[in-house]
Amino acid sequence: SRLGLAVNYTDLSSLVNANNNRVSQGTGISLSQNLGSYGSVSMNYTYSRDTASRLDQSRKNHDFSFGYSSPLFRKIRFNTGVGYSITDFDVPRILSAAGTARIFQTIETNESVTLRLGATYPLGKGLSFSGNYRYQTNKSNLDIPRPPVNVTQQQLELIRPTDDFKKHVLSFSMSKSF
């Protein structure tokens, strides 16, 4: 068994645009358990807080993940996992209800789910080859349309489209143990 605790602090200062400055603070805990010939499991939780110069970019984030790794067919090591993340932005968005003059405020919340699958094959003499696939979806509770092409910089700073997306990532790597 292994228990891990982490704390981080990042201070980002843009050399071009002070609106991009931010301070990030986070803390996390991880737990892993070796299951002998059955492999190993891991669980992680991380909380982070970003305070940005642009108030609409300040946010709180919670990340949860679970992973499993196991030997497969003698040499190949198989791994899989799932992750869930929820991000709440600090400043309410001002939206107008469709067909009415009513304006209301709401906090933007983004939810992300990640699924991963991979395998590692030892090539010998400490060298190994890995292949991994990751699928991620992200959904926001707000439906803010993308701005038209001919908007001013001031309008761009006020309008930020939602981050709804689906992403597929395929990666390969080689590593050498010493």
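Here the structure is a predicted model, which is why all the values come from computation and not from measurement.

1. Here's the deal with the pattern of salt bridges
Right, so step 1: A full pass over the atoms with the stated rule returns 3 salt bridges.
Right, so step 2: For the salt bridge of D50 with R22, the shortest nitrogen-to-oxygen distance reads 3.5 Å. Within this pair, whereas D50 is found in strand β3 (residues 40-52), its partner R22 is found in strand β2 (residues 22-34), the two being separated by 28 residues in sequence.
Right, so step 3: On the basis of relative accessibility, which here comes to 10%, the residue D50 falls in the buried class.
Right, so step 4: The salt bridge involving D164 is made with K139; its shortest N-O contact spans 3.2 Å.

2. Some points on unusual backbone geometry
Right, so step 1: A positive phi angle, close to 55 degrees, is found at K125, a residue other than glycine.
Right, so step 2: Relative to the elements of secondary structure, K125 occurs in the loop between β8 (109-124) and β9 (127-140).

3. Some words on the side chain of S130
Right, so step 1: Within the secondary structure, S130 is located in strand β9.
Right, so step 2: Filtering out sequence-adjacent residues up to four positions away, S130 remains in contact with A119, T120, S171, F172 and S173.

4. Observations regarding the packing of aromatic side chains
Each aromatic ring pair is described using two quantities: the centre-to-centre distance and the angle formed by the ring planes.
Right, so step 1: Tallied over the full model, the rule gives 3 aromatic pairs.
Right, so step 2: Ring plane angle 25 degrees and centroid distance 6.4 Å describe the contact between F64 and Y84, whose orientation is recorded as stacked. With F64 in strand β4 (residues 59-72) and Y84 in strand β5 (residues 76-89), the pair connects residues that are 20 residues apart, well separated along the chain.
Right, so step 3: Judged by its relative accessible area of 40%, F64 is partly exposed.
Right, so step 4: A residue is classified by how much of its surface remains accessible, and Y84, at 31% relative accessible area, is partly exposed.
Right, so step 5: Between F129 and F172, the aromatic rings sit 6.0 Å apart at their centres with planes inclined by 15 degrees, giving stacked as the arrangement. Pair noted here: F129 is in strand β9 and F172 is in strand β10 (residues 165-176), with a separation of 43 residues, a long-range link.

5. A word on the sheet that holds β3
Right, so step 1: In space, the 8 strands of this open sheet follow the order β1-β2-β3-β4-β5-β8-β9-β10, with antiparallel pairing throughout. For this open sheet the edge positions go to β1 (2-12) and β10, each flanked by a neighbour on one side alone. For this sheet the average axis-to-axis angle between neighbouring strands, irrespective of direction, equals 15 degrees.

6. Brief notes about the environment of S32
Right, so step 1: Tracing the backbone shows S32 in strand β2.
Right, so step 2: Along the primary structure S32 and L3 are separated by 29 residues, whereas in three dimensions their C-alpha atoms are 6.6 Å apart.
Right, so step 3: If we ignore the near neighbours within four places in the chain, the residues touching S32 are S1, R2, V41 and S42.

7. Here we look at the environment of N61
Right, so step 1: With respect to the helices and strands, N61 occurs in strand β4.
Right, so step 2: On the basis of relative accessibility, which here comes to 11%, the residue N61 falls in the buried class.
Right, so step 3: Linking N61 and S85, residues 24 residues apart in sequence, is a C-alpha distance of 7.1 Å.
Right, so step 4: Here N61 is in contact with T46, Y47, S48, S85, I86 and T87, once residues within four sequence places are set aside.
Right, so step 5: Engagement of the side chain of N61 in a polar contact is seen with the side chain of T87, the distance being 2.3 Å.

8. Quick look at the pairing of β5
Right, so step 1: Sheet topology note: the β4/β5 ladder contains 14 bridges and is antiparallel. Across the sheet, F64 pairs through a bridge with Y84, a residue of β5.
Right, so step 2: Taken together, β4 and the strand that follows it, β5, pair antiparallel across an intervening segment of 3 residues, in which F73 is found at a positive phi of about 50 degrees.
Right, so step 3: Judged from the 12 bridges that link them, β5 and β8 form a sheet pairing that is antiparallel. Each residue of the ladder has a partner; that of T80, found in β8, is L117.

Basis of the calculations
Residues numbered from 1 in each chain as written. Predicted model: local features only at pLDDT ≥ 70, side-chain atom pairs only at ≥ 80, totals over all residues. Heavy atoms only, no water. Salt bridge = Lys/Arg side-chain N within 4 Å of Asp/Glu carboxyl O. Helix = DSSP H or I, 4+ residues; strand = E, 2+ residues; numbered from the N terminus. Buried < 20%, exposed > 50% of the residue type's maximum accessible area, 1.4 Å probe, protein only. Contact = heavy atoms within 4.5 Å. Phe/Tyr/Trp six-rings, centres within 6.5 Å; stacked < 30°, edge-to-face > 60°. Pairing = 2+ DSSP bridges. Axes fitted to C-alpha atoms, helices over the stretch in contact; angles between N-to-C directions. Polar contact = N/O pair within 3.5 Å; in protein donor to acceptor, adjacent residues only side chain to side chain.

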